[in-house]
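Read off the chains here:
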Amino acid sequence: MLPPIFTLLSTDAACSAVLGAGGASRVYPFGEAPADVPRPYVTWFMVGGFAHSSMSDKPAADEMTVQVDCWADTAASAKAVAMAVRDSLETIGDLTNYNPSDRDPETKRYRMSFDIEIQLKR
């Protein structure tokens, strides 16, 4: 029911390279990271989905849309993280939307965001 975001990113060398020391330990579900987390880091959460229904059986797969946000102290770093994470996640899903990039007014952190659609067999 939850996509294997952490598992995938923690085994990807490009993601570990851009996330720095601690690598995938900087990947947080439910769109929340600790206030004092080292940057860059990634947050993700499900924004939609459905079960592939069948008339004669229980659903064989779940389809989910996941929003991924890549946070960093510089725009260049946020872009590098987003590119590595995107490339890794596209091995299990399809990128469906680039969301507006912005800078948090309070923390001044840069954010690059995208949605990816993932289908998981049950």
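It should be noted that the structure appears before, not after, this text.
Cut-offs used in this document
- Residues numbered from 1 in each chain as written.
- Predicted model: local features only at pLDDT ≥ 70, side-chain atom pairs only at ≥ 80, totals over all residues.
- Heavy atoms only, no water.
- Helix = DSSP H or I, 4+ residues; strand = E, 2+ residues; numbered from the N terminus.
- Rg over C-alpha atoms; globule rule 2.2 N^0.38 Å.
- Buried < 20%, exposed > 50% of the residue type's maximum accessible area, 1.4 Å probe, protein only.
- Phe/Tyr/Trp six-rings, centres within 6.5 Å; stacked < 30°, edge-to-face > 60°.
- Salt bridge = Lys/Arg side-chain N within 4 Å of Asp/Glu carboxyl O.
- Expected span 1.5 Å × (residues − 1).
- Contact = heavy atoms within 4.5 Å.
- Pairing = 2+ DSSP bridges.

Visitor: Just to check I follow, could you spell out the overall build of the protein for this structure?
Guide: If you tally the helices and strands in the protein, you get three helices and five strands. Mapped in sequence order, the helices and strands of the protein form the string α-α-β-β-β-α-β-β. The C-alpha atoms of the protein give a radius of gyration of 15 Å, which matches the 14 Å a tight globule of 122 residues would have. Seen through its principal axes, the protein has C-alpha atoms that stretch 50 × 30 × 25 Å. Counting across all 122 residues of the protein, residues that qualify as buried make up 39%.

Visitor: How should I be thinking about the packing of aromatic side chains in this particular structure?
Guide: By convention here, two paired aromatic rings are described through the distance between centres and the angle between planes. What the rule picks out here adds up to two aromatic pairs. Here Y28 and Y41 contribute two aromatic rings whose centre-to-centre distance is 6.3 Å and whose plane-to-plane angle is 80°, an arrangement assigned as edge-to-face. Taken as a pair, Y28 in strand β1 (residues 27-28) and Y41 in strand β2 (residues 41-51) lie far apart in primary sequence, 13 residues in all. This pair shows no difference in class: Y28 is buried, exactly as Y41 is. Relative to W71, the ring of Y41 lies with its centre 6.2 Å away and its plane at 15°, an arrangement referred to as stacked. With Y41 in strand β2 and W71 in strand β3 (residues 61-72), this pair connects stretches of sequence that are 30 residues apart. Its relative accessible area of 6% is what places Y41 among the buried residues.

Visitor: It is not clear to me how the pattern of salt bridges should be interpreted in this structure. Could you clarify?
Guide: Side-chain pairs of opposite charge can arise whenever the charged atoms involved come near each other. Applying the stated criterion to the full structure yields five salt bridges. Here D73 makes a salt bridge to R39, at a shortest N to O gap of 2.5 Å. With D73 in the loop between β3 and α3 (75-89) and R39 in the loop between β1 and β2, this pair connects stretches of sequence that are 34 residues apart. By relative accessible area, which is 45% here, D73 ends up partly exposed.

Visitor: Looking at this structure, how should I read α3?
Guide: Each turn of an α-helix holds 3.6 residues, which means side chains three or four residues apart point in the same direction. End to end, α3 covers 21 Å across 15 residues, agreeing with the expected 21 Å (1.5 Å per residue, within 8%). Turning to α3, its buried residues number three or more, namely A78, V81, A82, A84, V85, S88 and L89. Where the residues of α3 are buried, they touch α1 (5-10), α2 (13-19), β2, β3, β4 (93-103) and β5 (110-121).

Visitor: Explain the pairing of β2 to me, please; I cannot follow it from the model alone.
Guide: Along any regular strand, the residues point their side chains to alternate faces of the sheet. For β1 and β2, the ladder comprises two bridges, and the chain directions are parallel. In the sheet register, Y28 faces β2, and the bridge partner there is T43. In the sheet, β2 pairs with β3 via ten bridges, with the strands oriented antiparallel. Each residue of the ladder has a partner; that of F50, found in β3, is E63.

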